[in-house]
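Descriptive structure summary
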Amino acid sequence: MAGKVAAPGTAVLLVTANVGSLFDDPENLQKNWLREFYQVVHTHKPHFMALHCQEFGGKNYEASMSHVDKFVKELLSSDAMKEYNRARVYLDENYKSQEHFTALGSFYFLHESLKNIYQFDFKAKKYRKVAGKEIYSDTLESTPMLEKEKFPQDYFPECKWSRKGFIRTRWCIADCAFDLVNIHLFHDASNLVAWETSPSVYSGIRHKALGYVLDRIIDQRFEKVSYFVFGDFNFRLDSKSVVETLCTKATMQTVRAADTNEVVKLIFRESDNDRKVMLQLEKKLFDYFNQEVFRDNNGTALLEFDKELSVFKDRLYELDISFPPSYPYSEDARQGEQYMNTRCPAWCDRILMSLSAKELVLRSESEEKVVTYDHIGPNVCMGDHKPVFLAFRIMPGAGKPHAHVHKCCVVQ
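Residues numbered from 1 in each chain as written. Predicted model: local features only at pLDDT ≥ 70, side-chain atom pairs only at ≥ 80, totals over all residues. Heavy atoms only, no water.

- By the naming in an unreviewed UniProt entry, the protein chain is inositol-polyphosphate 5-phosphatase, taken from Pongo abelii.
- Looking at the protein chain in UniProt, the text filed under Sequence similarities (unreviewed entry) is "Belongs to the inositol 1,4,5-trisphosphate 5-phosphatase type I family." (UniProt positions renumbered as here; feature names shortened; annotations may be inferred.)

Listed below in structure tokens is the structure:
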């Protein structure tokens, strides 16, 4: 039986993980990753679990297909997951389609003790009871149990081969209906460009894409329900403000390309102390002399520069962050706590929710603290992203005030 007897309600675990590194170096990373993931499952004992993956299959999907199959098989048949007798897996493996490929993978696991759970059929507009284990891949566009879109090329024209998009599924547990959206937003293509303006041009691109998704999931085609959006948002700290704060007493040297006069490097040196180099900034280099500032007290001092979500404060809620930036960690299996000097560390991987979903989550805080928002594998190399999870319980009758929820009990 999942969960403690004393704790009422249905235990839910939502996990987001950019897993690209796992398929670029499967021998060294997958074993660690799975062990840490199973530990979180064992600790929180969810009845319903959703794992949203981005960059599934890594940079070279075609070469990684055998690793993908092995990873999926391990998740579905491992000893750690033996009590989850029903599963749905949706893998976007259509890597030859530049128009549609998102490299997203959404996994849903149902504990054997969970009786009444239904999934929404978007085509038939009906809920269907979930039985058995099923894997859907290749062309997800024809699967009625989800909605999938890749963002248009003109959202991020400088990236010719973007995989960014979203997958949405809808579930009903204990008379409570909600959407789960797996999302991957656009990255910062250049540290130098990100540094130029506040907020950065990339921040604006992400806002446009996220706004599109939020409008899409509450449009008129289907009934409105609570929703959770979790994935790699690629939210970055406000680069200009961070650099100015980290290098308050530094002087800046600009290095330009001899042929084009284009800025290729910024070097920040201490005004005294033998002109020690504090920060070097290039397109794909963010080399700050003291990484501890990103780890001390879980990087709390930097949260004031984490501003991208504020645009959506009337639409989205997030629990307080009490874990260090989730990206970019070293991919060296021996350096589980070290960041790479490629980007300014940031909280890219997040679990956000609608305001009605917030009520659902926080309602379970009443008796004992059963809501946890944290990262996985703090001391272990999990690839360049640390997975992030939210564990909570849906209390009995939580969905009752919303009249539309009852329809999920009518399965046809």
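From this point, things continue past the structure.
1. As for the overall build of the protein chain
- Per the secondary structure count, the protein chain includes eight helices and 18 strands.
- The C-alpha atoms of the protein chain give a radius of gyration of 22 Å, which matches the 22 Å a tight globule of 412 residues would have.
- In terms of principal-axis extent, the alpha carbons of the protein chain reach across some 70 × 45 × 45 Å.
- Taking all 412 residues of the protein chain together, the buried fraction comes to 57%. (Helix = DSSP H or I, 4+ residues; strand = E, 2+ residues; numbered from the N terminus. Rg over C-alpha atoms; globule rule 2.2 N^0.38 Å. Buried < 20%, exposed > 50% of the residue type's maximum accessible area, 1.4 Å probe, protein only.)

2. With respect to empty space enclosed by the protein
- Applying the stated criterion across every chain yields a total of three cavities of 30 Å³ or more.
- For the largest cavity, the calculated volume is near 70 Å³.
- Along the walls of the largest cavity sit D188, N191, A194, R236, L237, D238, S239, V242, R343, C344 and A346, which together make up its complete lining.
- Residue composition of the lining of the largest cavity, by class: five nonpolar, two polar and four charged.
- By volume, the second largest cavity amounts to about 50 Å³. (1 Å grid on protein atoms, 1.4 Å probe; cavity = no way out; pocket = protein on both sides within 12 Å on 5 of 7 lines; lining within 4 Å. Points joined across faces, edges and corners; volume = space filled by probe spheres on them. Nonpolar A, V, L, I, M, F, W, Y, C, P; charged D, E, K, R; others polar.)

3. Quick word on the sheet that holds strand β7 (residues 133-136)
- Across the sheet, which stays open at both edges, the seven strands sit in the order β7-β3-β4-β2-β1-β18-β17 with mixed pairing between neighbours. Every interior strand has two partners, whereas the edge strands, β7 and β17 (372-375), have only one. The sheet shows a mean angle of 10° between the axes of neighbouring strands, direction not considered.
- Looking at chain direction, strand β2 (residues 48-54) and strand β4 (residues 105-111) are connected through six bridges and run antiparallel. Note that in β4 the partner of L51 across the bridge is F107.
- Seen against the sheet, helix α2 (residues 26-44) touches β1 (10-18), β2, β3 (84-91), β17 and β18 (388-394) and runs at an angle of roughly 160° to β1. (Pairing = 2+ DSSP bridges. Axes fitted to C-alpha atoms, helices over the stretch in contact; angles between N-to-C directions. Contact = heavy atoms within 4.5 Å.)

4. Some remarks on the confidence of the model for the protein chain
- Summing up the model confidence of the protein chain, the mean pLDDT is 91 and the portion of residues at 70 or higher is 93%.
- Below pLDDT 50 for its whole length, residues 401-406 participates in eight contacts with residues either more than four positions away or in separate chains. (pLDDT = per-residue confidence, 0-100.)

5. Points about the sheet that holds strand β12 (residues 250-256)
- Across the sheet, which stays open at both edges, the four strands sit in the order β12-β13-β14-β15 with antiparallel pairing between neighbours. Either end of the sheet is taken by a strand with one partner, and the two such strands are β12 and β15 (285-288). The mean angle between the axes of side-by-side strands here comes to 15°, regardless of whether they run parallel or antiparallel.
- In terms of strand pairing, strand β14 (residues 277-282) meets β15 through four bridges, oriented antiparallel. Residue pairing for β15: L279 is matched across the bridge by Y288.

6. A closer look at the environment of P378
- In this structure, P378 sits in the loop between β17 and β18.
- The partly exposed category is assigned to P378, whose relative accessible area is 37%.
- A C-alpha to C-alpha distance of 24 Å links P378 and V242, two positions 136 residues apart in sequence.
- With residues near it in sequence (within four places) discarded, P378 still touches G336, E337 and K386.

7. Focus: helix α8 (residues 355-362)
- Three or more residues of α8 are buried, namely A357, L360 and V361. Buried residues of α8, viewed axially, fall in a sector of 95°; they line one side.
- Where the residues of α8 are buried, they touch β10 (176-184), β11 (226-232), β16 (349-353) and β18. (Arc of directions from axis to C-beta.)

8. Some points on the nonpolar core
- The biggest cluster of nonpolar side chains holds 62 residues, and the ones touching the most others in it are L14, F48, L180, F228, F286, L390 and F392.
- A per-element tally of this core places β18 first, with four residues.
- Not counting residues within four places of it along the chain, the set of residues in contact with F48 comprises A11, V12, L13, Y108, F109, L110, L114, I117, W171, I173, F178 and L180.
- The next biggest cluster of nonpolar side chains, apart from the first, holds 38 residues, and it includes L13, F71, Y84 and F109. (Core = buried A, V, L, I, M, F, W, Y, C linked by side-chain atoms within 4.5 Å.)

9. Things to note about the side chain of E93
- Mapped onto the fold, E93 is located in the loop between β3 and β4.
- Among buried charged residues, E93 stands out as having no salt bridge; its nearest opposite-charge side chain is K148, 11 Å away.
- Of the polar contacts made by the side chain of E93, one reaches the side chain of S137; its length is 3.5 Å.
- When sequence neighbours within four positions are dropped, the list of residues in contact with E93 reads Y61, M65, V68, D69, F101, S137 and D138. (Lys, Arg positive; Asp, Glu negative; His and termini not counted. Salt bridge = Lys/Arg side-chain N within 4 Å of Asp/Glu carboxyl O. Polar contact = N/O pair within 3.5 Å; in protein donor to acceptor, adjacent residues only side chain to side chain.)

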